[in-house]
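Next come the chains, spelled out residue by residue.
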Amino acid sequence: GLKRHMYALDRLIEIRLPRIFSHFKAEGVTPIIFANEWFSTLFTTVLNVDVVVRVWDVMYVDGSVHLLRVALAALALLQPALLELHFDKLVLLLKDGLRHVDSTTLLDLAADTDISDRQ
């Protein structure tokens, strides 16, 4: 379940977003610090309700892999800001910053994110 998603997200960040992966490693940030909340609440605590409903719609069709797509898309959109921040502010942005990303861009990017079993 959740532990498997944390591991998968960590590997996907390493492969797809290597600059974020390196920065997180240098700052001591792991997916468990932020994505545990994202996944366990199905994004209800970090995204606006209208976006959450759209995430859930796709999740019901595609399964929980869509949560990984949304997480990667969110990190990609936040990347410029994330790379400038240190631990405390970085974690704060990961917990509160998703409400400020453009929902259409986030969902379009998530939809375009292909995650295969080999990644």
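(A) How the structure looks around the overall build of the protein chain. Tallying secondary structure elements over the protein chain gives seven helices and zero strands in all. Reading the protein chain from its N terminus to its C terminus gives the helix and strand order α-α-α-α-α-α-α. Compactness check: the protein chain gives a C-alpha radius of gyration of 13 Å against a globular reference of 14 Å for 119 residues, within 12% of the reference. Overall size of the protein chain, expressed as C-alpha extent along the three principal axes, is 35 × 30 × 25 Å. The 119 residues of the protein chain split such that 43% are buried. Sequence separation of 24 or more characterises 73% of the internal contacts of the protein chain that already satisfy a separation of 6 or more. By element, 55% of the accessible surface of the protein chain is carried by carbon and sulfur atoms, the whole surface being about 6500 Å².

(B) The arrangement of the packing of aromatic side chains in detail. Per the stated rule, a full pass over the model turns up four aromatic pairs. Between the aromatic rings of Trp38 and Phe43, the centroid separation amounts to 5.8 Å while the plane-to-plane angle is 35 degrees, which identifies the pairing as tilted. Among the aromatic residues, those joined into a ring-pair cluster are Phe24, Phe34, Trp38, Phe39 and Phe43.

(C) Focus on the environment of Phe21. Along the polypeptide, Phe21 turns up in helix H2 (residues 18-27). Overall, the relative accessible area of 18% leaves Phe21 in the buried class. The sequence separation of Phe21 and Asp10 amounts to eleven residues, and the corresponding C-alpha distance is 8.0 Å. With residues up to four places along the chain from it excluded, the contact list for Phe21 reads Asp10, Arg11, Ile13 and Glu14.

(D) Up close: H2. When H2 is considered as a whole, its buried residues turn out to be Ile20, Phe21, His23, Phe24 and Glu27. Each element contacted by the buried residues of H2 is listed here: helix H1 (2-16), helix H3 (31-40), helix H5 (65-82) and helix H6 (87-96). At the exit of H2 stands Gly28, carrying a positive phi of roughly 75 degrees.

What counts and what doesn't
- Residues numbered from 1 in each chain as written.
- Predicted model: local features only at pLDDT ≥ 70, side-chain atom pairs only at ≥ 80, totals over all residues.
- Heavy atoms only, no water.
- Helix = DSSP H or I, 4+ residues; strand = E, 2+ residues; numbered from the N terminus.
- Rg over C-alpha atoms; globule rule 2.2 N^0.38 Å.
- Buried < 20%, exposed > 50% of the residue type's maximum accessible area, 1.4 Å probe, protein only.
- Contact = heavy atoms within 4.5 Å.
- Areas by Shrake-Rupley, 256 points an atom, 1.4 Å probe, with all protein chains shown as cover.
- Phe/Tyr/Trp six-rings, centres within 6.5 Å; stacked < 30°, edge-to-face > 60°.

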